[in-house]
Protein chains: 2
Amino acid sequence: VDLNAREAAISRQGNLTKPPGALGRLEDIAIQLAALQGRETPGVDRAWISVFAADHGVAAAGVSAFPQEVTAQMIANMATGGAAISVLAKRIGAEIELIDLGTVAPVAPHPMIRDAAIAPATANLAEGPAMSPVQLEQALGEGAAAVERARASGAELYIAGEMGIGNTTAATALAAGLLGRPAAELVGPGTGLDHAGLTRKRALIDAALARHAEQLSDPAAALACLGGFEIAAMAGAYIACAQQGLPALVDGFISSAAALAACRLCPGAADWMLLAHASAEPGHQAIVAALGKQPLLDLGMRLGEGSGAAAAFPLLRLACQLHAEMATFAEAGVAEKAREA
Amino acid sequence: VDLNAREAAISRQGNLTKPPGALGRLEDIAIQLAALQGRETPGVDRAWISVFAADHGVAAAGVSAFPQEVTAQMIANMATGGAAISVLAKRIGAEIELIDLGTVAPVAPHPMIRDAAIAPATANLAEGPAMSPVQLEQALGEGAAAVERARASGAELYIAGEMGIGNTTAATALAAGLLGRPAAELVGPGTGLDHAGLTRKRALIDAALARHAEQLSDPAAALACLGGFEIAAMAGAYIACAQQGLPALVDGFISSAAALAACRLCPGAADWMLLAHASAEPGHQAIVAALGKQPLLDLGMRLGEGSGAAAAFPLLRLACQLHAEMATFAEAGVAEKAREA
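Residues numbered from 1 in each chain as written. Chains lettered and ligands numbered in written order. Predicted model: local features only at pLDDT ≥ 70, side-chain atom pairs only at ≥ 80, totals over all residues. Heavy atoms only, no water.

Participant: Can you lay out the overall build of chain A for me, pointing to particular residues and giving the numbers?
Facilitator: Scanning chain A from terminus to terminus reveals 13 helices and 6 strands. Taking 2.2 N^0.38 as the reference for a compact globule, 341 residues should give roughly 20 Å; the C-alpha atoms of chain A span a radius of gyration of 21 Å, in line with that estimate. Summarising its shape, the C-alpha atoms of chain A cover approximately 70 × 40 × 35 Å along the three principal directions. Relative to its 341 residues, chain A shows a buried fraction of 64%. Here chain A contributes 22 positive and 33 negative side-chain charges, whose respective centroids are spaced 4 Å apart. (Helix = DSSP H or I, 4+ residues; strand = E, 2+ residues; numbered from the N terminus. Rg over C-alpha atoms; globule rule 2.2 N^0.38 Å. Buried < 20%, exposed > 50% of the residue type's maximum accessible area, 1.4 Å probe, protein only. Lys, Arg positive; Asp, Glu negative; His and termini not counted. Charge placed at Lys NZ, Arg CZ, Asp CG, Glu CD.)

In structure tokens, the structure reads:
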């Protein structure tokens with residue numbers, strides 16, 4: 001983080017032809033990106049989206065409104081352009097790649113899909129650790145490798161998305177474990193659980209928290225016990241963003257749980273994160289508070305895939321363009337604010 | 001408003017490959033625009049921005065942090081591309097026109113600037129009506145004419161912006177008058193008034209409300225007594241949007257006061273409005289509540305010019321693109337939500 005670039009950006013904002021602060025958070029974004037990119041006028045013309053997909057052993061316990069084969073079906077739908085993130089990536093001009101970390105149903109090969117299967121699914125986190133330490137390393141490494149590809153392509157902003165039936169259960173368990181909260185404070189309906197399903201999901205998460213209680217003070221162990229392959233990969237990606245110097249726009253609930261794990265594994269990672277939106281999933285607020293950041297949008301979205309981040313992306317791009325392209329008072333010959341009103 | 005198109009859009013949203021409601025307000029936007037545009041898949045590829053500028057007699061009373069010549073200077077800055085709205089219009093691909101309704105300082109002719117001067121400024125609303133009935137008709141007519149130009153150009157969405165030193169005083173007085181509230185409940189710092197200035201502004205607005213009290217039950221009279229040429233033109237534009245069938249994306253504080261006047265003059269006008277953002281100007285919340293609508297963004301912006309609407313515009317465009325381009329469950333071969341979870 002470059003404090004000289006930050007100061008230069010703050011000074012530039014003060015000279016642009018508008019009352020000081022009148023662009024609100026669009027000014028803050030430009031200043032934050034200036035500090036991260038190390039230049040007075042930052043830019044995020046090119047965004048990179050990695051969608052990490054994986055299945056979850058816990059889905060067998062009936063914690064999702066959708067059947068498990070939907071994970072693989074949605075990977076195919078993303079590849080052929082029919083998913084929300086496909087439309088958004090195309091329309092915001094972002095590169096998108098799909099990373100298959102392991103699905104129960106087969107995924108047909110496609111040039112957009114990277115086959116990085118670790119196992120057909122995680123183990124059921126209610127019955128044991130979701131993954132082994134070796135599998136955790138593999139998943140973290142896939143996230144880091146995705147960030148390397150993004151940087152190599154010249155991306156100026158990184159977005160991680162996810163797909164995985166059952167993954168609000170894993171993300172809720174992980175966040176509850178890291179935050180030391182009971183399931184009741186974080187659990188929500190995910191893709192649309194009914195009341196009975198929600199009760200089952202809460203009890204299952206509390207049981208998993210009790211089973212893994214001794215592991216939860218170690219963030220890597222918590223991630224292995226309660227996470228998913230795609231959640232661990234996102235955590236690895238956020239850590240790599242900080243290590244490789246690429247700002248990350250964090251999507252919604254699942255992404256924020258991964259971001260929280262990343263911050264526990266690598267405390268400096270938070271500096272490189274911007275939060276795209278406030279998810280409708282009730283537990284998101286607690287994770288956002290723990291990350292100490294304010295989301296940009298609050299549109300009641302709860303889809304995942306990176307969709308909230310992609311929707312927020314135009315605001316970041318406009319913030320940078322305003323910062324770079326507006327005239328200063330001197331350039332425009334506009335009178336500045338009088339010292340006395 | 002086309003209820004068949006609305007039903008078709010609701011049905012389409014339910015078939016797209018996502019959990020029902022998972023795109024939150026992006027779904028609502030697509031459905032609302034479908035109803036307004038009368039087609040199942042609406043589109044807002046082309047936006048039109050009219051920036052109405054005018055000076056205010058009340059500025060002589062020291063109610064702004066900026067000197068009055070800034071109105072004319074900012075029109076020139078908008079024409080040459082240096083203002084926030086210039087950068088935003090270019091970057092979102094919107095057409096922009098500037099309408100000079102009367103400024104104290106001279107404005108040099110420019111192809112982007114329409115000379116429609118009514119008077120060098122309104123009269124001081126604290127001492128008498130800001131404008132005559134004839135001047136009000138002229139201003140309303142300029143707004144309607146701008147919407148006609150937008151429609152003729154093929155625009156699918158209309159944005160009104162404004163520039164006028166002193167215009168938060170006029171807008172606050174107008175909103176307070178229409179809502180029957182004292183100045184203290186709505187007044188704010190505008191471009192950056194200090195404490196003494198804010199006290200002066202509040203007292204002046206209360207005095208104006210007392211002076212014009214008998215006129216305030218008639219919205220046209222209230223607009224003439226307390227408004228500004230640009231505020232009246234915006235009200236005329238919003239009414240014309242409803243009459244001519246063009247959705248309007250309402251900007252911030254000044255725009256919302258004009259929108260409130262439009263709704264009082266023509267109650268059906270509200271149907272054609274979407275609110276772009278929650279302004280940092282404290283009185284905005286009361287106006288938003290009276291309009292009965294929820295702003296899309298809340299970024300602490302308080303610039304005007306149409307800047308908040310232009311910043312929100314990409315969300316509307318993405319909402320329409322998602323609605324039109326996502327695959328349905330049947331198209332993508334994705335399993336729908338199970339009936340029992």
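Text resumes after the structure shown.
Participant: So what's going on with the relation of the copies chain B and chain A? Which residues, and what values?
Facilitator: Rotating chain B by 180° and moving it 0.0 Å along the rotation axis overlays it on chain A with an RMSD of 0.0 Å. This pairing of chains is accounted for by a two-fold axis. When the interface residues of chain B are mapped onto chain A, 100% of them again lie at the interface, so the same face is used by both copies. (Least-squares fit on C-alpha atoms with pLDDT ≥ 70 in both. Contact = heavy atoms within 4.5 Å.)

Participant: Tell me about the packing of helix 1 (residues 3-15) of chain B against helix 12 (residues 307-325) of chain B, residues and numbers included.
Facilitator: The description of two packed helices rests on the angle between their axes and on the distance between the axes. All names here are of chain B. As a packed pair, helix 1 and helix 12 sit with axes 9 Å apart at the nearest point and diverge in direction by 70°. As the angle between them shows, helix 1 and helix 12 are arranged roughly perpendicular. For the pair formed by helix 1 and helix 12, the contact residues are Ala 9, Arg 12 and Gln 13 on the first element and His 323, Ala 324 and Glu 325 on the second. In the contact of helix 1 with helix 12, the residues fall into 2 nonpolar, 2 polar and 2 charged. (Axes fitted to C-alpha atoms, helices over the stretch in contact; angles between N-to-C directions. Parallel < 35°, antiparallel > 145°, perpendicular 65-115°, else oblique. Nonpolar A, V, L, I, M, F, W, Y, C, P; charged D, E, K, R; others polar.)

Participant: Talk me through the interface of chain B and chain A; I want residue IDs and the actual numbers.
Facilitator: Interface size is commonly expressed as the accessible surface area that is lost when the partners come together. Counting residues at the interface gives 59 residues for chain B, matched by 59 residues for chain A. Buried surface at the junction of chain B and chain A, both sides included, amounts to about 4,800 Å², of which 66% is carbon and sulfur. Remark: the boundary between chain B and chain A carries 2 salt bridges. Salt-bridge contacts for Glu 325 of chain B lead to Arg 91 of chain A; the nearest nitrogen and oxygen are separated by 2.5 Å. Counting the contacts that link chain B with chain A gives 16 residue pairs in polar contact (both at pLDDT 80 or more). At the level of secondary structure, the elements contributing two or more residues to the side of chain B that touches chain A comprise helix 2 (25-37), helix 3 (70-79), helix 4 (84-92), helix 12 and helix 13 (329-332) of chain B. The biggest single contributor to the side of chain B that touches chain A is helix 12 of chain B, with 8 residues. Its residues placed into classes, the side of chain B that touches chain A shows 35 nonpolar, 13 polar and 11 charged. (Buried area = accessible area lost by both parts, 1.4 Å probe. Salt bridge = Lys/Arg side-chain N within 4 Å of Asp/Glu carboxyl O. Polar contact = N/O pair within 3.5 Å; in protein donor to acceptor, adjacent residues only side chain to side chain.)

Participant: Go over the nonpolar core, please, and point to the residues and values.
Facilitator: Formed by 111 residues in total, the largest nonpolar core has its most connected members in Leu 26, Ile 49 and Leu 249 of chain A together with Leu 26, Ile 49 and Leu 249 of chain B. When sequence neighbours within four positions are dropped, the list of residues in contact with Leu 249 of chain B reads Leu 157, Tyr 158, Ile 159, Leu 274, Leu 275, Ala 276, Ala 309, Ala 312, Phe 313 and Leu 316 of chain B. Within the second largest apolar cluster, 79 residues are counted, among which are Val 63, Ala 116, Val 147 and Phe 229 of chain A. (Core = buried A, V, L, I, M, F, W, Y, C linked by side-chain atoms within 4.5 Å.)

Participant: Explain helix 11 (residues 284-291) of chain A to me, and be specific about the residues and the numbers.
Facilitator: Those residues of helix 11 of chain A lying buried are His 284, Ala 286, Ile 287, Val 288 and Leu 291 of chain A. Lining the buried residues of helix 11 of chain A we find helix 6 (167-179), helix 10 (253-265) and strand 6 (273-275) of chain A.

Participant: Tell me what's going on with the pairing of strand 4 (residues 157-163) of chain B, and back it up with residues and numbers.
Facilitator: Here is the key point about a regular strand: its side chains alternate between the two faces of the sheet. Residues and elements named next belong to chain B. Within strand 4, 7 of the 7 residues are buried, leaving the element largely enclosed by the surrounding structure. Inspection of the sheet shows strand 1 (residues 47-53) paired to strand 4 by 7 bridges, in the parallel sense. Across the sheet, the residue bridging to Ala 47 is Leu 157, located in strand 4. (Pairing = 2+ DSSP bridges.)

Participant: Could you give an account of the side chain of Thr 168 of chain B, naming the residues involved and the relevant values?
Facilitator: Summarising the element assignment, Thr 168 of chain B is placed in helix 6 (residues 167-179). The contact partners of Thr 168 of chain B, leaving out residues within four places of it in the chain, are Gly 190, Lys 201, Phe 253, Ile 254 and Glu 281 of chain B.

Participant: Hey, could you go over the state of the cysteines for me, with residue numbers and the actual values?
Facilitator: What the rule picks out here adds up to 0 disulfides over all chains. A disulfide-free cysteine, Cys 263 of chain B has its sulfur positioned 8.0 Å from the sulfur of Cys 266 of chain B, the nearest such atom. (Disulfide = S-S within 2.5 Å.)

Participant: How would you sum up the pattern of salt bridges? Please name residues and give values.
Facilitator: For the coordinates displayed, the defined rule picks out 14 salt bridges over all chains. Where Glu 27 of chain A meets Lys 18 of chain A, a salt bridge forms, and the shortest distance between an N and an O atom there is 2.9 Å. Among the residues examined, Glu 27 of chain A registers a relative accessible area of 8% and is labelled buried. Across the pair Arg 149 of chain B and Glu 97 of chain B runs a salt bridge, and its minimum N-O distance is 2.8 Å. One end of the pair, Arg 149 of chain B, is in helix 5 (residues 133-152); the other, Glu 97 of chain B, is in strand 2 (residues 95-100), with 52 residues separating them in the sequence. When its relative accessible area of 23% is taken as the criterion, Arg 149 of chain B is described as partly exposed.

Participant: Describe the environment of Ala 170 of chain A, with residues and values.
Facilitator: Residues and elements named next belong to chain A. Within the secondary structure, Ala 170 sits in helix 6. Given the relative accessible area of 0%, Ala 170 is considered buried. Contact partners of Ala 170, with chain neighbours within four places excluded, come to His 56, Leu 125, Leu 226, Gly 227, Gly 228 and Ile 231.

Participant: Break down the packing of aromatic side chains for me, with residues and values.
Facilitator: In the structure shown here, the tally under the stated rule is 2 aromatic pairs over all chains. Measuring from ring centre to ring centre gives 6.3 Å for Phe 66 of chain A and Phe 329 of chain B, while their planes differ by 20°; the resulting arrangement is stacked. On the criterion of chain membership, the pair formed by Phe 66 of chain A in the loop between strand 1 (47-53) and helix 3 (70-79) and Phe 329 of chain B in helix 13 is interchain, its members lying in two chains. With a relative accessible area of 8%, Phe 66 of chain A lands in the buried category. (Phe/Tyr/Trp six-rings, centres within 6.5 Å; stacked < 30°, edge-to-face > 60°.)

Participant: Please set out the confidence of the model for chain A residue by residue, giving values where relevant.
Facilitator: Confidence along chain A averages 96 in pLDDT terms, with 99% of residues attaining 70 or more. Confidence metrics for the complex model read pTM 0.97 and ipTM 0.97. (pLDDT = per-residue confidence, 0-100.)

Participant: So what's going on with the packing of helix 8 (residues 219-226) of chain B against helix 10 (residues 253-265) of chain B? Which residues, and what values?
Facilitator: Residues and elements named next belong to chain B. Close contact between helix 8 and helix 10 brings their axes to 9 Å; oriented N to C, the two are set at 150°. In terms of axis orientation, helix 8 runs roughly antiparallel to helix 10. On the side of helix 8, the interface is formed by Pro 219, Ala 220 and Leu 223, while helix 10 contributes Ala 261, Arg 264 and Leu 265. Grouping the amino acids of the contact of helix 8 with helix 10 by side-chain chemistry returns 5 nonpolar, no polar and 1 charged.

Participant: Please set out the side chain of Ser 256 of chain A residue by residue, giving values where relevant.
Facilitator: Inspection of the secondary structure puts Ser 256 of chain A in helix 10. Excluding residues that lie within four positions of it along the chain, Ser 256 of chain A makes contacts with Val 250, Asp 251, His 284, Ile 287 and Leu 291 of chain A.

Participant: Which residues make up the pairing of strand 1 of chain A, and what values go with them?
Facilitator: Residue and element names in this part refer to chain A. Judged by how many residues are buried, strand 1 sits mostly within the fold: 7 of 7 residues are covered. On strand 1, burial covers both faces: Ala 47, Ile 49, Val 51 and Ala 53 on one face and Trp 48, Ser 50 and Phe 52 on the other are all buried. Here strand 1 runs beside strand 2 (residues 95-100); their pairing, made up of 6 bridges, is parallel. Bridge pairing links Val 51 to Leu 98 in strand 2.

Participant: Go over the environment of Ala 160 of chain A, please, and point to the residues and values.
Facilitator: Residues and elements named next belong to chain A. If you trace the backbone, Ala 160 turns up in strand 4 (residues 157-163). With relative accessibility at 0%, the residue Ala 160 sits in the buried group. For Ala 160 and Ala 310, which are 150 residues apart along the polypeptide, the C-alpha to C-alpha distance reads 9.8 Å. Non-local contacts of Ala 160, meaning those with residues more than four positions away in its chain, are made with Ser 50, Phe 52, Met 234, Tyr 238, Asp 251, Ser 255 and Gly 306.

Participant: An account of unusual backbone geometry is needed here, citing residue identities and associated values.
Facilitator: Glycine aside, residues mostly have negative phi, and peptide bonds are mostly found in the trans state. For Glu 305 of chain A, which is not glycine, the phi torsion reads 70° and is therefore positive. For Glu 305 of chain A, the location among the structural elements is in the loop between helix 11 and helix 12 (307-325).

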